[in-house]
Structure formats: C-alpha cells, structure tokens
Amino acid sequence: MKAGVLRERSGALLLVLPVLVFMAVFFLWPLWAMVTAAFVDDAVSKVLPRTAASIVSWNGQGVPSEAAHKALVQDLRAATDEQALGEAVRRLNSAASGFRTLLGRTIPAVKAASDPAQVDLLAIDPRWKDTRFWMALKEAMPPYTDRNILAAVDMKRDASGSIVLEAADASAHRLIMLRTLLVAAMVTIACAVIGLPYAMLAASLTGWKRSVLLLAVVLPLWTSLLVRTAAWFILLQNEGLINRALQAIGLIDSPLPLIFNRLGVVIAMTHVLLPFMVLPIYSVILGIPRNLMSAAQSMGAGPVRAFWRVLLPLSLPGLLSGSLLVFMVAIGYYITPALLGGANDQMISSVIAFYATGTANWGLAGALGLMLLGVTTVLYTIYGRFSTSPQVPGA
Amino acid sequence: MRPFIRFESVSKAFGSLTVVNALDLAIEKGEFVSLLGPSGSGKTTILMMLAGFERPTQGAIYLDGKRIDHLPPYRRQMGVVFQNYALFPHMSVAENVAFPLEMQRVPRAEITERVERALDMVKLKQLKDRRPSQLSGGQQQRIALTRALVFEPSVILMDEPLGALDKQLREHMQLEIRELHKRLGLTIVFVTHDQSEALTMSDRIAVFNAGRIEQIDVPQVIYDTPRTRFVAEFIGETNLIEAKVASVDNQVARLSLGAGLSARAHAGNGLSAGQTASFSLRPERIRLGASPEGSNALDMTITDCIYHGDHMRVQLTRDEFSLVARCERLAGNWTVGAPVVASFDPSDCTVLTQ
C-alpha cells in the first residue's frame, strides 16, 4: 500500500520534472544570479586573500603594518588570472580614484622583483602612504556588501560607516523610480478610462458584434511588442498619420508633439496594455446576473443611477484586477519608452539595461532589478488577495 | 368599475416568432391573478411587458386608466420579484430593502424606519446586516419580496418566485404570500408553471398556451369545468373521453362511449345529436362500488392498482375503453382482474371545445 503510493508519487514527480527543470534553469537560477550580483562583492578578496586576512586587524589609523604590505606583495605576485585581477582593479578604482594607476605601477614592479621579501611598496609609489587607498582596500574585503542596494535608492555609507543620502546631483535612481511609477499610473488610468466602458459595451452586446470588439482588443496581443511600438512610432511622428490627418481637417496648424515625450509613451503603452484591463473587467461583468439591472430599474432607478449603484460597484473587482495587472506590467516597460520617449521619459528598466550592458555594473543592475521585483511582488500579493475575494455569488 | 390593469389586443413577436398573440386581459385592483402555462407559452413575456422590460409589438397596456406601454420600467412603480431573486450581492439585506426607497428619494430617517418595519413584517430583522450570499434560499426569497413591497407599489409582479425552493419551503412561502396579499390588499400578477401553486394561491387563473389565454376563471371553475382539452390536461389529471353524442335532451347529453357503454353528461351549448365530442372526467369523481350509485354506472374490470399513500390510483378497462379512478382506499377485497361498477354524476363529465 505505502510502496504503491510512493510509486504513484514518484511517477507524478517524473511527469512534472521537465517543468521543474525549466523553472530552475530559466527562472530561479537567473533570479539567484541577480540577487547574488547585488550583494556579493568578492572581486577583491578573491584575488587578494592574504591581504584580506591581514588587513582585518588594521584599525584605519596610520599606515598598516609591515605584515599587510608583505601579504599584498605576495598576493600580487600570485595573481596570474588577468581577468580576475582586472575586475579587482576596477572595483578598487571605483572606491578610490587613482587606484588604477597606483596598481598599474605597483604590479609590474612587484612581479619583476627577484625577492618578494625585499619589495618596499612605498619605494615603488609614495601613494601607498595614503590611508585612503588602504581604507578602500579594507572596505572592499568583506565578501558581501549593501553598497549596491543603497545606491539603488540613492544612498551610501559615509567614511564612518553610517548610511547617508547621496548628493542630489550624483544619482537619480529615486527620480527614475518615481517617474516609472508615475508613467505606470498614467497608463493604468488611461487603460481604465478606455477599458471600463469598452468592456461594458462588449459584455452588453451579443453575437458577432461582441466577437469583433473582443477580437479588436485581443488581436494586438498576438503581434510583437516591437512591431506595435514601431507602428506607433510611424503614427505619432510629426509627419505621421495622426498629425497629417489633423492638419488636413484644419484642426491644427503645426504638428502636435506626440513623439519623444511622455505623451507618446503613454499613448503607445496604453494601447499595448489595454487587453490586460479589458479582459478581467469583461469576465467580471459577464458574471453579473442580468436581472440585477432589471431589478434596479423596476425599483425606480433610471439607467444612470442603476449604473452607479449596481453595475459599477459589481464591476470594481474586475477594474481592480485589471489596474493591478496593467500597473505591474507597465513598471517593467523598456522598449516603448526607449523608442517613443525622450531623455526624461526613460524608465527603471532602461537604467537596469544601462548598468547591465553599458557599464557592466552587474551589482547595481541586480540591486535595481531586485527593487523592481519587490514592487511587483507587493502588487502581485494585493492582486492575489483581490482576485480570490468572493465576488458575485451564484444565484 | 374599470379594470386596474388592462391588456388590449397586445401582441409580441421576436423576429418571426409570435410569443403573445392578440391578448386581452383585465385585472381588478386587489386581485391575485396567476398566469399559468408551460414554458414558451408567453406568460413571462406578458409579465415583462407589464414591468416594462419588453415593449409590445402591437396593442396597448393600461394601468389605472393610463396607458403605460411606452413608459420605461423605472417610471411604472411596480414591484418585481425575479426568478432568482436578483438581490444585489454587494449590498447588505437592509441596503437591498432600502434601495427602492432611495430611488424614490424618500428622506433618510424615513427610509431607516420603513426598512425596519418591512423586515419586521417578514421576521428577518436580525439578518439586516448580512449579505444575500449568507442567506438561505427561503430567506433570500423573503428579502426579495420585502424589497418589492417596501415602496408600496401599485402592483406586485412575480416571475416564478418559488421555483428554486424545495417542496416544503415552497408550500410555506405560498401560504405566506397569500397571507400578505390578503392583509395588504395587494394586486399581484404571478407567473408560474406549477398548477397546484396557481390553484392554491390565486383569485383567478389565466391558463396560457402558445401565446393565447385558453381559459381565465377562478381556480375551482378552471379545475372542475375546464373548457378546452389543453386546460383539462394541464391542470391536474383527467380522463379524456372521446364519445359520440346519441341524443341531447334538456341540457343532458346521452353519450355512447364504445364497448357497449353509455353515460349521461352535462351538455354545453351547441352540442347536438350525432356529433363526436371530447369530455373530461376527473379521476377522483369516479366512485367504485359493487353496485351502481347515481345516474351513470359503468361495469368495468380493474386492470391495475397503484398505491400512492394518501390515495389509490385504479386503472379500469372494458375492451378498448379505459378510465383512471382515484379513491382513498378500495372498499371490499377487489384485486386486479375483479369486476367493479364505476359511477359518476353527469355534471362531473365536462364537454371540451378543442
């Protein structure tokens, strides 16, 4: 009996194994890589393990002991992996500028010396007297850091180790995150304003009219996002269809600025995300018994009051699910703002892409990604709460 | 006195399908009228036209002398109880009952008081903060009724309101609605396909078939003297007898039933000797005995006997002629195959027009 159950269970497990493997390789592993990139900071300690061990005891006052000098010399002589060494140098240089030239002079000299015990760092370069460099070296040693996650919210640790705000002009992550939320909110509102009446209209029709309305909203989902964005690029230009048409009918004299600004981004994103608003509302409205509206009318409610008191409140769960869905997808948008927005319309994803591919700052890219993931997770939890709450009970 | 509600040759067609055909119907104030018929007979469409959810294709509907068929539902002041109650799921019981009063712009304080009073009347005051989904079927039904009554509409329309309840609760609610009707003097139009419901509750029953009224009268007349074959078969059980009229004498027709049997029946107008006609004879009007009682007595044989608890259903035959009788218990020791005399009064044998 027990063995049978076990066999059944393992059989079931075998069936879901492909999806588990898929999830692990393409979802969990990248996620884990992102998290570690944000927190792990072992580029220096990996290359300079002896220095790491000896500099721990240094209290930051004066030049470190002879032992630390010796350890650094030994480490630099032992470092043969050029790529790892390069990464360590870059990491150190970002903490204390000038480190690159300092090491550029030090490393060949150390490697060329015949007896490592006779090497005097101060003789190679007097800057080794500067505690600033030793301090940077010490601070780069712990394998984990909160530097990236602080930088993601425009904060850093000052010399004494306490958390302070970054200088106002040094970083703009908060500004960009706020902008991302603002654009997502604008898109959500636009989708709600268009999507709610649209879904109600679709639900009130029958037959081919309903099919046409639903198809018009779902069809774009089957088209590539890039293609749709490119289509808007063409439509919104100064010489594009919309401006031409408006000029042709004499409504405007000069082209409206529809592209490379916030408006263009919101228009295109609203179009792309509209299905995520319409479909949840539509399905909720379909679940509302039709005789509720009849009942409201029989009790003296005209169409407007029946709408406000009955149809709208009963549609709210759909509106809420749709809004959260649109908002969640919108905050991760990258291509559309990049193509249709101006310099001041770039969203957090563009910044992440910039750090990841532009400057190879994987740590900061990971930290910003985590922040985005955090916001999305919170919203998703709210979404789950609302979409499982009891709606219209079956009659 | 002019009728309170009047349908004047009202027709309703959906596309090429005529659902209601040239209907004339008059309902008095304070009357409880049931529209009874099988599904598709047009009874619900008539109710929907009265409530204003459908517009007649032809004809006119009057309420208290005023033509109303062009008015939208929210101007008609009719309380409607829907099949599945149509309670608002996002409002509490009290809010549901308050809704029609709010729509009539009744002052706040008065609304609270009237809602309390109405809920008191159906003994559901303690549930006023619940949501409809937390109520049982019977409670929902009562709230729907209260909501339709609370704004004191001129007419209450009910569309199969008891259809979703189990038998016991249904019978209880029938009595409750009947009681409310009497106490408040309501005018009620009640749509149902349940003939026993119509019989127990109504002042008058209109029996519908294929968009027309087959017969409209008080329940007793509908049951005892159905006018058409459809009414006779739809309401209760009956023996349909095809017989040749041998002679008509002083409102009494002599019928030859076949198999050498003959009987006398009350002849309606227009029945003449030599014609063939259909008659209805209710099974419970047939008395079984060893010897003839009354003016009609047929010698038959018992071919089947089914026990129903409160009554027996007895199948009688003689050659190709057969009858079903219903009696409380079989006197004597008749068994299947035994001969028996079936007696009935001429007045219980009703002639039907087709």
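Teacher, can you tell me more about the overall build of chain B here?
Helix and strand content of chain B: 8 helices and 20 strands. Overall size of chain B, expressed as C-alpha extent along the three principal axes, is 75 × 45 × 35 Å. Burial status across chain B gives 51% buried among its 354 residues. Here chain B has roughly 16200 Å² of accessible surface; of this, 47% comes from carbon and sulfur atoms. Of the charged side chains in chain B, 40 are positive and 41 negative; the average position of the first set lies 5 Å away from that of the second.

Please clarify how the interface of chain A and chain B should be interpreted in this entry.
Many descriptions give the size of an interface as the accessible area lost when the pieces come together. Taken together, the contact pairs 20 residues of chain A with 22 residues of chain B. Interface area, chain A with chain B, both sides summed: about 2000 Å², of which 68% is carbon and sulfur. Here chain A is connected to chain B by 1 salt bridge. The salt bridge partner of A:Arg309 is B:Glu102, with a shortest N-O separation of 2.6 Å. Linking chain A to chain B there are 4 residue pairs in polar contact (both at pLDDT 80 or more). Among the elements that line the side of chain A that touches chain B, the one with the most residues is helix H15 (residues 291-298) of chain A, at 7 residues. Here the side of chain A that touches chain B is composed, by residue class, of 12 nonpolar, 6 polar and 2 charged.

Would you take a moment to explain the sheet that holds strand S1 (residues 5-14) of chain B for this structure?
Within a beta sheet, neighbouring strands are joined by backbone hydrogen bonds and run either parallel or antiparallel to one another. All names here are of chain B. Across the sheet, which stays open at both edges, the 4 strands sit in the order S2-S1-S4-S5 with antiparallel pairing between neighbours. Whereas interior strands pair on both sides, the edge strands pair on one side only; in this sheet they are strand S2 (17-27) and strand S5 (66-67). In this sheet, S2 lies alongside S1 in antiparallel orientation, the contact comprising 7 bridges. Across the sheet, residue Phe14 finds its bridge partner in S2, namely Leu17. Strands S1, S2 and strand S4 (58-63) of the sheet are contacted by helix H1 (residues 43-51), whose axis makes an angle of about 115 degrees with S1.

Where do I start with the side chain of B:Thr228 in this structure?
Residue and element names in this part refer to chain B. Following the sequence through the fold, Thr228 ends up in the loop between helix H7 (219-224) and helix H8 (229-234). With relative accessibility at 7%, the residue Thr228 sits in the buried group. Among the polar contacts made by the side chain of Thr228, one reaches the main-chain amide nitrogen of Val231 at a distance of 3.2 Å. When sequence neighbours within four positions are dropped, the list of residues in contact with Thr228 reads Glu214, Gln215, Leu352 and Thr353.

Would you take a moment to explain the packing of aromatic side chains for this structure?
For any pair of aromatic rings, geometry is given as the distance between the ring centres together with the angle between the planes. Tallying each qualifying case throughout the model produces 12 aromatic pairs over all chains. Here the aromatic rings of A:Phe307 and A:Trp308 are separated by 5.9 Å at their centres, their planes lie at 80 degrees, and the arrangement is edge-to-face. Ring centres 5.5 Å apart and planes at 10 degrees place the aromatic pair B:Phe230 and B:Phe234 in the stacked group. With B:Phe230 and B:Phe234 both in helix H8 and 4 residues apart, the pair spans about one turn of that helix. Through successive ring pairs, a cluster of aromatic residues spans A:Phe99, A:Trp128, A:Phe133 and A:Trp134. One Lys or Arg, A:Arg132, reaches over the ring of A:Phe133 and ends 4.6 Å from the middle of that ring. Directly above the ring of B:Tyr223 sits B:Arg282, whose terminal nitrogen or CZ lies 4.0 Å from the centroid.

How each quantity is defined
Residues numbered from 1 in each chain as written. Chains lettered and ligands numbered in written order. Predicted model: local features only at pLDDT ≥ 70, side-chain atom pairs only at ≥ 80, totals over all residues. Heavy atoms only, no water. Helix = DSSP H or I, 4+ residues; strand = E, 2+ residues; numbered from the N terminus. Buried < 20%, exposed > 50% of the residue type's maximum accessible area, 1.4 Å probe, protein only. Areas by Shrake-Rupley, 256 points an atom, 1.4 Å probe, with all protein chains shown as cover. Lys, Arg positive; Asp, Glu negative; His and termini not counted. Charge placed at Lys NZ, Arg CZ, Asp CG, Glu CD. Contact = heavy atoms within 4.5 Å. Buried area = accessible area lost by both parts, 1.4 Å probe. Salt bridge = Lys/Arg side-chain N within 4 Å of Asp/Glu carboxyl O. Polar contact = N/O pair within 3.5 Å; in protein donor to acceptor, adjacent residues only side chain to side chain. Nonpolar A, V, L, I, M, F, W, Y, C, P; charged D, E, K, R; others polar. Pairing = 2+ DSSP bridges. Axes fitted to C-alpha atoms, helices over the stretch in contact; angles between N-to-C directions. Phe/Tyr/Trp six-rings, centres within 6.5 Å; stacked < 30°, edge-to-face > 60°. Lys NZ or Arg CZ within 6 Å of the ring centre and 35° of its normal.

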